[in-house]
Amino acid sequence: MFAIFLDSVGTLIQNCGFTSLSFGQALMILVSFLLMYLAIGRGFEPLLLLPIAFGMFLTNIPNANLYHTLIFINETGHIDWSLLAETGGLLDYLYLGVKLGIYPPLIFLGVGCMTDFGPLIANPKSFLMGAAAQLGIFLAFFGALCIGFTPAEAGSIGIIGGADGPTAIFTTTQLAPHLLGSIAVAAYSYMALVPIIQPPIMKALTTKEERMIKMEQLRPVSKIEKLIFPVLVTLVVAFLVPDTTPLIGMLMLGNLFKESGVTDRLSKTAQNELMNIVTIFLGVTVGATANAASFLNLKTLGIVAMGLCAFAFGTAGGVLLGKLMCVLSGGKINPLIGSAGVSAVPMAARVSQKVGQAENPTNFLLMHAMGPNVAGVIGSAVAAGVLLAILK
Amino acid sequence: MSIDFTLAGAVIFTGLVVVFTALVGLWGIVALFGRFFSAASNKPKPSEPPKAAPAPAPKPAAPAAPAAPVAKAAPVPVVEDGIGDEIVAVIAAAVEAMGAGESGGYVLQSIQNAAPVGAAPQFQQVVKGGRPAWAQAGLMQNTQPF
């Protein structure tokens, strides 16, 4: 009996995490703790960063077998269903929603329910700033190519500049799934850092007089316009770039739920319960892809560097177009609202408001900045569709 | 490391062109339908003036309509001394609200205190007897059929 006890203890010790922990796993667990601190202690995008961090923590626990990279990333390029049936863990099954492209569009459904496109409809010129802010995506794509990434990987890295988590995840799962963990962490970290990254660029590219410009009040938008808008955008964008239909379609369906006024229950469910559930699944499983082998390498550093460039160039693109529009409109447009074109709703719009109000305390740019902000969401989805169409 | 500049250029150029085309197209369409709806909402509707007028205007415009009551209402009611203009306005508005503009409506002919000094002794008696004017009116209404 004592021999059996010793055997059992021996097996337990052999299988326990403390004895089989590798250096890489230990380091990744420390990284996950750092991310947890940033989410809880510093409030950096906690709704997503916390599940991502905990998913990263779980996946790096030795012998827990919650997530198996080989099921999703293998020579065939497809999901290994037999391996999933044999060895699949909890996070493997939940990850199917990411791999099959289900979670990001569902998040967009909720985002659509929460988004008011009124400022964009009232001032449709904002579309231009939303387009210009996508410059960062393509410049970061080029930068990533230059430092040795493949075109598909570079496309996934570039999309970080769209400052849109679901879009970045949706694109990366199709172009470079092996980089998903690093790209998701970089994208959400930079989105949380928008108030730190953007203001110096905005100030460097604008004069004090430009930052002080007060904009005219937006016209009221009728209900019929708000009803037509989601259908119209889906029609134009999905027909032009069909690859982006899952994102744009769900975004606009959510918005139609909101604006129709007859589907309150659906709207509330999509923006609350459904979105929260999907956010948990998405966050934990994306974090689970960040294991030591895929995260602790030079590529991650490259992703972090290019992601920053993407954000910076995107902000610059939006502000520079804002300056051009300011000149063309005879000084009626404050170029600061252009920076909100990078998406990151509504953080980027708040940054425009804050920087503008710092120069002129009576200036209220928030509603004006919401136009380019939501245009940026549409713009980054279109950019993602282009990248998918060319690089997939 | 070799970069495929042709592919890179194609992706960047195509990407920017498509993004701008899509969003400029949306700008144009949204601006167009915005103008259309703004114009539609600002355009004075043909049915609007007559429709807007009836609410406040039928009363002043009432003289043209069922002539009879308003023709009678046109003369300024006799107002007892000591009753302020505001009281007169309130009573006039109340009478109007009861349908002065309609045929068979009420006409405000005079305004006086319910128990004026020097009124008929029996009237004063009623008031003095402790039954207020409204109670008296109610009593009259209920007992009139008998």
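Residues numbered from 1 in each chain as written. Chains lettered and ligands numbered in written order. Predicted model: local features only at pLDDT ≥ 70, side-chain atom pairs only at ≥ 80, totals over all residues.

Undergrad: Would you take a moment to explain the overall build of chain A for this structure?
TA: For chain A, the count of helices and strands is 23 helices and zero strands. A compact globule built from 392 residues would reach a C-alpha radius of gyration of about 21 Å, and chain A, at 22 Å, matches this within 12%. Along the three orthogonal principal directions, the C-alpha set of chain A runs to about 90 × 45 × 40 Å. The 392 residues of chain A split such that 56% are buried. Counting only contacts in chain A whose residues sit at least 6 apart along the sequence, the fraction spanning at least 24 positions is 76%. (Helix = DSSP H or I, 4+ residues; strand = E, 2+ residues; numbered from the N terminus. Rg over C-alpha atoms; globule rule 2.2 N^0.38 Å. Buried ≥ 20, exposed ≤ 12 C-beta atoms within 10 Å, placed from the backbone. Contact = placed C-beta atoms within 7 Å.)

Undergrad: Please explain the overall build of chain B as it appears in this structure.
TA: Across its full length, chain B carries seven helices and two strands. Ordering the α and β elements of chain B from the N terminus gives α-α-α-α-β-α-β-α-α. The 146 residues of chain B split such that 9% are buried. The long-range share in chain B, meaning contacts at least 24 apart out of those at least 6 apart in sequence, stands at 55%.

Undergrad: Teacher, can you tell me more about the interface of chain A and chain B here?
TA: How big an interface is tends to be reported as the loss of accessible area on association of its parts. Taken together, the contact pairs 35 residues of chain A with 27 residues of chain B. Counting only elements with at least two residues in the side of chain A that touches chain B, the list comes to α10 (126-132), α11 (135-146), α17 (223-240) and α23 (366-391) of chain A. Ranked by residue count, the leading element in the side of chain A that touches chain B is α17 of chain A, at nine residues. When its residues are assigned to classes, the side of chain A that touches chain B shows 27 nonpolar, five polar and three charged. (Nonpolar A, V, L, I, M, F, W, Y, C, P; charged D, E, K, R; others polar.)

Undergrad: Any chance you could explain helix α1 (residues 5-42) of chain B here in plain terms?
TA: Since the α-helix advances by 3.6 residues per turn, residues separated by three or four positions end up pointing in the same direction. Along its 38 residues, α1 of chain B runs 54 Å from first to last C-alpha, staying within 8% of the 56 Å computed at 1.5 Å per residue. The complete set of buried residues in α1 of chain B reads Val11, Gly15, Val19, Ala22, Leu23, Leu26, Trp27 and Val30 of chain B. The secondary structure elements touched by the buried residues of α1 of chain B are α9 (118-122), α10, α11, α17 and α23 of chain A. (Expected span 1.5 Å × (residues − 1).)

Undergrad: I would appreciate a short explanation of helix α22 (residues 347-359) of chain A in the present structure.
TA: Residue and element names in this part refer to chain A. With 13 residues, α22 extends 19 Å from end C-alpha to end C-alpha; this agrees with the ideal 18 Å at 1.5 Å per step. Turning to α22, its buried residues are Ala348, Ala349, Val351, Ser352, Gln353, Val355 and Gly356. Buried residues in α22 make contact with α15 (194-205), α16 (208-211) and α23.

Undergrad: Would you mind showing me how to read the environment of alanine 154 of chain A here?
TA: All names here are of chain A. Residue placement: alanine 154 occurs in helix α12 (residues 151-158). The class for alanine 154 is buried, based on 29 C-beta atoms found within 10 Å. Along the backbone, alanine 154 and methionine 306 are 152 residues apart, and their C-alpha atoms lie at a distance of 9.2 Å. Those residues in contact with alanine 154, other than ones at most four positions away along the chain, are Phe141, Ala144, Leu145 and Phe149.

Undergrad: Where do I start with the environment of glycine 318 of chain A in this structure?
TA: Tracing the sequence through the fold places glycine 318 of chain A in helix α21 (residues 298-328). Placed 51 residues apart in sequence, glycine 318 of chain A and serine 267 of chain A show a C-alpha to C-alpha distance of 31 Å.

Undergrad: Can you walk me through the nonpolar core in this structure?
TA: Generally speaking, a soluble globular protein has its nonpolar side chains buried in company with each other. One finds Leu49, Ile52, Ala140, Ile160, Ile183 and Ala184 of chain A together with Leu23 of chain B to be the most contacted residues of the largest nonpolar core, which totals 141 residues. Apart from residues no more than four positions distant in its own chain, isoleucine 52 of chain A is found in contact with Leu35, Ala184, Val185, Tyr188, Gly283, Val286 and Gly287 of chain A. (Core = buried A, V, L, I, M, F, W, Y, C linked by C-beta atoms within 7 Å.)

Undergrad: Explain the packing of helix α13 (residues 165-175) of chain A against helix α14 (residues 180-192) of chain A here, please?
TA: Think of two packed helices as two axes; the pair is described by the angle between the axes and how far apart they sit. Residues and elements named next belong to chain A. As a packed pair, α13 and α14 sit with axes 10 Å apart at the nearest point and diverge in direction by 165°. Relative to α14, α13 is oriented roughly antiparallel. Relative to α14, the crossing made by α13 is right-handed. Where α13 abuts α14, its residues Gly165, Ala168, Ile169, Thr172 and Thr173 lie against Leu180, Ile183, Ala184, Ala187, Tyr188 and Met191. Residues that form the contact of α13 with α14 fall into these classes: eight nonpolar, three polar and no charged. (Axes fitted to C-alpha atoms, helices over the stretch in contact; angles between N-to-C directions. Parallel < 35°, antiparallel > 145°, perpendicular 65-115°, else oblique. Left-handed = near helix turned anticlockwise from the far one by under 90°.)

Undergrad: What should I look at first to understand the packing of helix α8 (residues 103-114) of chain A against α13 of chain A in this one?
TA: Residue and element names in this part refer to chain A. Between α8 and α13, the shortest axis-to-axis distance is 9 Å and the interhelical angle comes to 160°. Between α8 and α13, the angle falls in the class roughly antiparallel. Regarding α8 and α13, the two cross each other, and that crossing is left-handed. For the pair formed by α8 and α13, the contact residues are Pro104, Ile107 and Phe108 on the first element and Pro166, Ile169 and Phe170 on the second. A class-by-class count of the residues in the contact of α8 with α13 yields six nonpolar, no polar and no charged.

Undergrad: I would appreciate a short explanation of the confidence of the model for chain B in the present structure.
TA: Detailed reading of predicted coordinates is not advised where the pLDDT is low. All names here are of chain B. Confidence in the prediction of chain B, expressed as mean pLDDT, is 70, and 55% of residues score 70 or more. Confidence drops under pLDDT 50 across residues 51-73; counting only partners more than four residues distant or on other chains, this segment forms 21 contacts. With pTM at 0.75, the complex prediction returns an ipTM value of 0.87. (pLDDT = per-residue confidence, 0-100.)

Undergrad: For this particular structure, what's the right way to read the confidence of the model for chain A?
TA: Considering every residue of chain A, the mean pLDDT works out to 92; 100% of them sit at 70 or more. Here helix α2 (residues 17-20) of chain A is the element of chain A with the lowest mean pLDDT, 82, and helix α18 (residues 245-260) of chain A is the one with the highest, 96.

Undergrad: Honestly, unusual backbone geometry in this entry has me stumped. Any pointers?
TA: Peptide bonds are mostly trans, and most non-glycine residues show a negative phi. All names here are of chain A. With an omega of -10°, the peptide bond between valine 345 and proline 346 qualifies as cis. Tracing the backbone shows proline 346 in the loop between α21 and α22. With phi around 40°, glutamate 45 is a residue other than glycine that occupies positive phi space. Residue placement: glutamate 45 occurs in the loop between α3 (23-40) and α4 (46-59). Looking at glutamate 45, the number of C-beta atoms within 10 Å reads 23, which means it is buried. Of note in this structure, asparagine 63 is not a glycine but carries a positive phi near 65°. Inspection of the secondary structure assignment puts asparagine 63 in the loop between α4 and α5 (69-72).

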